[in-house]
Amino acid sequence: MVRIKDIAKEANVSEGTVDRVLHGRGGVSKKTADKINKILERRNFSINPVASALATKNNHTIAVLIPEYSETDSFWKLPYLGLLKASEDVKNIGLNVNYFKFDQYNSNSYMEAFTNLIKMKPSAVILVPMFLKETRVIINELKKAGTKYIFLNVDVEGEDGSVYIGQDSYMSGYIAGKLMKLSLTDGYDCCIMQASTSTGDNQAIVKRIKGFKDYYTAIKEEIKLHELKVESFGDEVKLASSVTLFLEKFPNIKGIFVPSSRVSAVVKILSEEQKESLQLIGFDNTPQNVVCLKNDTVLFLISQKPFDQGYEAVRLISDYLIKSKALKRKLYLPIDILTKENVDYNDANQLMFESDLKYQ
C-alpha cells in the first residue's frame, strides 16, 4: 500500500506538502504540485476513506503558546518549524494546531497571548513557560478547564502531573563545564555570562549554570568562575561596554560560557585579539551561532534539538488525544555537542523542511 510518506520521499518534499496537493488547499508552487501529481498518478494513489472519516470525527485543537523570534534573536524559529512540520503531519487525523506568540521579555504579552488562547477552548496546550508567576496562573486555569498541557523547552519543577519535553538543562550545563575544562589551560579563569532579564524566570538557563558550576565542584578544580549579568544581548553598545570593563577587571579570564542562544552577540563585540585569546561555548545552532562556530570564534555549541522538541511535542499530544496514550512525565532529547566539523550534519530534518517551505 502506497502511503503519503512514500510519495513525499520520492518527491523530496514534506508529507504536509503532499497533503495540501491531495486536498487542493494551495500554498504549493505549480512546479512542485505538478511533480507530486505525476507521482500520485504513476503510483495509483488514492485517499484512504477510513482515515478521512476518522479525521472528520475527531477534530481536536492543540494550542501553542510560544515566544516570537526575530533575525537577531532567532532561536524560537527552530521549535516553531518543528511544530509546523508536525501540525501538517497530523491534519489527516483530525488535529488542528493554532499558534499564540508573545514577547519573551514581556510578561504582559505572555498573559495577553494566553487570554486569547484560552478563549478557543483547546483540547490540549503546548506552552513555553517563560515567566514563573504568570505560568502558575496559566496552569491553574488549564487545570480548572481540565485541559492537558506540555512544557516545551523550559521545565517548571514542582507541578504535579505536568509533562516536559526538551533537554536535560542541568546535564547540558555540566557537559559545558567539562568542555570548558578541556579547552582552558590550567591557571586561567572563566566567565559565565547571561542577560539580567533572564535571571530567575528562565529555569533552563538557571539549571545550565548550576550544572556548569557543579562540574567544577565535582572535580574539585580550583578555577575561578566569574559571573557577568549584562543588561541585554540586543544592545551592542551597552554589551560591549559591560564586557570590556569586565575583562579589564579580570584579565585572567580566558573562557566565556553563554548559557543561552546569544553567544554570537558576544562574539560580535569582541576585538580581534579577544577572539583569538578567548574560548567561547554557547547553546543552539542558530544561523548566527553557526557562522561563529565555522570561523573558530566559538569553540563548541550545545544543541537542544529544538526542531525535534517542537515536532515531538505535537506527536505526544496527538497520541494522547487520538490513541489515549499516557504522557511521560519527562521526555529528554539528546544533548548534541556541535563543532565546525559536524554542524552541517545536524538537524537534517529541519533543513529539509525549511528548504521545502522555500519552494512552496
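Refer to the structure presented above.
Please read these numbers as outputs of a predicted model, since none were measured by experiment. (Residues numbered from 1 in each chain as written. Predicted model: local features only at pLDDT ≥ 70, side-chain atom pairs only at ≥ 80, totals over all residues. Heavy atoms only, no water.)

A closer look at the pairing of strand β9 (residues 279-283)
Link 1 in the chain: Extensive coverage of β9 is indicated by the burial of four of its five residues.
Link 2 in the chain: Two strands pair when backbone bridges link them, and strand β8 (residues 253-257) and β9 are joined in this way by three bridges, in the parallel orientation. What sits directly across from I256, in β9, is L280.
Link 3 in the chain: Of the pairings in the sheet, the one linking β9 to strand β10 (residues 300-303) comprises three bridges and is parallel in character. Bridge pairing links G282 to L301 in β10.
Link 4 in the chain: Since β9 and β10 lie parallel, the crossover through helix α13 (residues 287-294) that links them has a hand, and here it is right-handed. (Buried < 20%, exposed > 50% of the residue type's maximum accessible area, 1.4 Å probe, protein only. Helix = DSSP H or I, 4+ residues; strand = E, 2+ residues; numbered from the N terminus. Pairing = 2+ DSSP bridges. Right-handed = clockwise from strand over helix to strand, strands pointing away.)

Here's the deal with the sheet that holds strand β12 (residues 336-338)
Link 1 in the chain: Here we have six strands laid out as an open sheet, ordered β7-β6-β8-β9-β10-β12, and mixed in their pairing. One side of each edge strand has no neighbouring strand; the edge strands of this open sheet are β7 (225-230) and β12. Across the sheet, the mean angle separating the axes of adjacent strands is 20° when strand polarity is ignored.
Link 2 in the chain: Two elements, β10 and β12, share three bridges in a ladder whose sense is antiparallel. Across the sheet, residue S303 finds its bridge partner in β12, namely D336.
Link 3 in the chain: On the sheet, helix α10 (residues 236-249) packs against β6 (189-195), β7 and β8 and is oriented at approximately 160° with respect to β7. (Axes fitted to C-alpha atoms, helices over the stretch in contact; angles between N-to-C directions. Contact = heavy atoms within 4.5 Å.)

Let's talk about the side chain of S261
Link 1 in the chain: Along the chain, S261 turns up in the loop between β8 and α11 (263-269).
Link 2 in the chain: Relative accessible area serves as the criterion here: at 12%, S261 is assigned to the buried category.
Link 3 in the chain: The contact partners of S261, leaving out residues within four places of it in the chain, are D73, F75, F283, D284, T286 and N289.

Some words on the side chain of D336
Link 1 in the chain: One can find D336 in strand β12.
Link 2 in the chain: Only 3.0 Å separates the side chain of D336 from the side chain of N346, close enough to count as a polar contact. (Polar contact = N/O pair within 3.5 Å; in protein donor to acceptor, adjacent residues only side chain to side chain.)

Thoughts on the pattern of salt bridges
Link 1 in the chain: Applying the stated criterion across every chain yields a total of 20 salt bridges.
Link 2 in the chain: Its salt-bridge partner being R43, residue E10 comes within 2.9 Å of it at the nearest N-O pair. Of this pair, E10 sits in helix α1 (residues 4-11) while R43 sits in the loop between α3 (30-42) and α4 (49-58), and the two are 33 residues apart along the sequence.
Link 3 in the chain: The partner of E231 in a salt bridge is K238, with the nearest N and O atoms 3.3 Å apart.
Link 4 in the chain: Among the charged side chains, a salt-bridge network with shared partners connects E312, R315, D319, K323 and K325. (Salt bridge = Lys/Arg side-chain N within 4 Å of Asp/Glu carboxyl O.)

Honestly, that's just the spatial picture; any functional story needs more than this.
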